[in-house]
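Fold and geometry: a report
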Amino acid sequence: TYTINKEEYIGKFILDLGSSVTVFNSTKSIIANGHGDFEAIGGIGGKTTGQTIFINQFKLGKQSIYNFPIDISNDTEGALSSSEYDGLLGNDILDDFDLIIDLKKSKLYLRPNKKNNKHKKFFYKSFSFIDNSKIDKSWLVSYIYLNTDAYRRGLRLNDKITAINNISVEKLDRIEFYKSLKLDQELELTIIRANNLMKIKFILNKFLNAE
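Reading guide: rules and limits
Residues numbered from 1 in each chain as written. Predicted model: local features only at pLDDT ≥ 70, side-chain atom pairs only at ≥ 80, totals over all residues. Heavy atoms only, no water. Helix = DSSP H or I, 4+ residues; strand = E, 2+ residues; numbered from the N terminus. Buried < 20%, exposed > 50% of the residue type's maximum accessible area, 1.4 Å probe, protein only. Contact = heavy atoms within 4.5 Å. Areas by Shrake-Rupley, 256 points an atom, 1.4 Å probe, with all protein chains shown as cover. Lys, Arg positive; Asp, Glu negative; His and termini not counted. Charge placed at Lys NZ, Arg CZ, Asp CG, Glu CD. Patch = residues over 30% accessible without salt bridge, like charges linked within 9 Å, V, L, I, M, F, W, Y side chains within 5 Å. Salt bridge = Lys/Arg side-chain N within 4 Å of Asp/Glu carboxyl O. 1 Å grid on protein atoms, 1.4 Å probe; cavity = no way out; pocket = protein on both sides within 12 Å on 5 of 7 lines; lining within 4 Å. Points joined across faces, edges and corners; volume = space filled by probe spheres on them. Nonpolar A, V, L, I, M, F, W, Y, C, P; charged D, E, K, R; others polar. Pairing = 2+ DSSP bridges.

When helices and strands are tallied, the protein shows four helices and 16 strands. Overall, the C-alpha framework of the protein stretches about 55 × 35 × 30 Å when taken along its three principal axes. Burial status across the protein gives 42% buried among its 211 residues. A fraction of 58% describes how many contacts in the protein between residues 6 or more apart in sequence connect residues 24 or more apart. Entry remark: accessible area of the protein is about 12,300 Å², with carbon and sulfur atoms responsible for 49%. A gap of 5 Å separates the mean positions of the 30 positive and 26 negative side-chain charges of the protein.

Rendered as structure tokens:
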């Protein structure tokens, strides 16, 4: 079961150990207070869109996750377009537990671990990227929220980042850089789009709240 705006629903989800996020499919009609619109690389058409919302509680058997961000897909094709289930249960929730899967009995056992309900909400990081530095010396923007200063200032999906604050991405560790980002930090990205070189400066603003 899951609870949104004090309304409780019984849901059926596909366990997806290959997904980093939990996603409601496009056939699920959900009204929630506050959301973040996003675009991402993926889906049958090579691009997917949707919204991120906070659910009050996500209950799996006797275990619960509270105040958790979940995506709602707009995809009308593929796995997220089926009305047979509510969506995909991904590793963002499953990482809170030690998992035991009994294939013969078709049962999943969950045991809370040290990550359980200790989520950090980084809803100011605005975008994420794929490291393509070994191919074309860039980081490819693979996910971006539309209600951010980064998007308003011109950053777009599939932009190729070649430098950040005039430092080549080849000299940066992608994971360590992403971890180091802070609220209200100013960034200047040098990007390539359609063979054109440009610079975009923006602030990492908080664009989605759990309250």
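Here we come to the environment of Lys107. Of note, Lys107 is situated in strand 10 (residues 107-112). When the C-alpha atoms of Lys107 and Phe97 are compared, they prove to be 15 Å apart, with ten residues separating the residues in sequence. Sequence-distant contacts of Lys107, defined by excluding residues within four places in its chain, comprise Ile100, Ile101 and Asp102.

All right, on to a nonpolar patch on the surface then. Taken together, the side chains of Leu15, Leu17, Leu99, Ile101, Leu103 and Leu108 present a nonpolar region at the surface, about 520 Å² in accessible area. The residue Leu17 is located in the loop between strand 3 (13-15) and strand 4 (23-24) in this model.

Take Lys120: it is sitting in the loop between strand 10 and strand 11 (127-131). With a relative accessible area of 69%, Lys120 lands in the exposed category. When the C-alpha atoms of Lys120 and Lys47 are compared, they prove to be 27 Å apart, with 73 residues separating the residues in sequence.

This brings us to the layout of surface pockets. Of the voids in this model, the largest pocket is the one considered here, and its volume is about 1,600 Å³. What lines the largest pocket is a set of 49 residues, among which Ser20, Val21, Asp71, Asp92 and Tyr143 lie closest to the centre. No other element matches strand 7 (residues 63-73), which puts five residues into the lining of the largest pocket. A per-class count over the lining of the largest pocket returns 20 nonpolar, 15 polar and 14 charged.

With that settled, the discussion passes to the pattern of salt bridges. This model, assessed by the stated rule, comprises six salt bridges. With a shortest N-O distance of 3.1 Å, Lys160 and Asp136 are connected by a salt bridge. Of this pair, Lys160 sits in strand 13 (residues 160-164) while Asp136 sits in helix 2 (residues 133-136), and the two are 24 residues apart along the sequence. A salt bridge links Asp149 to Arg153; its shortest N-O distance comes to 3.3 Å. Residue Asp149 is classed as buried on the basis of its relative accessible area of 11%. Classification of Arg153 as exposed rests on a relative accessible area of 56%.

Summarising the sheet, strand 1 (residues 2-4) and strand 6 (residues 47-60) pair through two bridges and their orientation is antiparallel. For Thr3, the partnering residue across the bridge sits in strand 6 and is Gln57. Across six bridges, the pairing between strand 5 (residues 36-41) and strand 6 is antiparallel. The residue of strand 6 that forms the bridge with Ile41 is Lys47. Note: strand 6 against strand 7, ten bridges, orientation antiparallel. Looking across to strand 7, one finds that Lys59 is bridged to Ser64. The turn linking strand 6 back onto strand 7 is made up of two residues, and Gly61 within it adopts a positive phi angle of 65°.

A separate point is the pairing of strand 16 (residues 196-203). In this structure, strand 15 (residues 186-193) lies alongside strand 16, joined through eight bridges in antiparallel fashion. If you follow Glu188 over to strand 16, its bridge partner there is Lys201.

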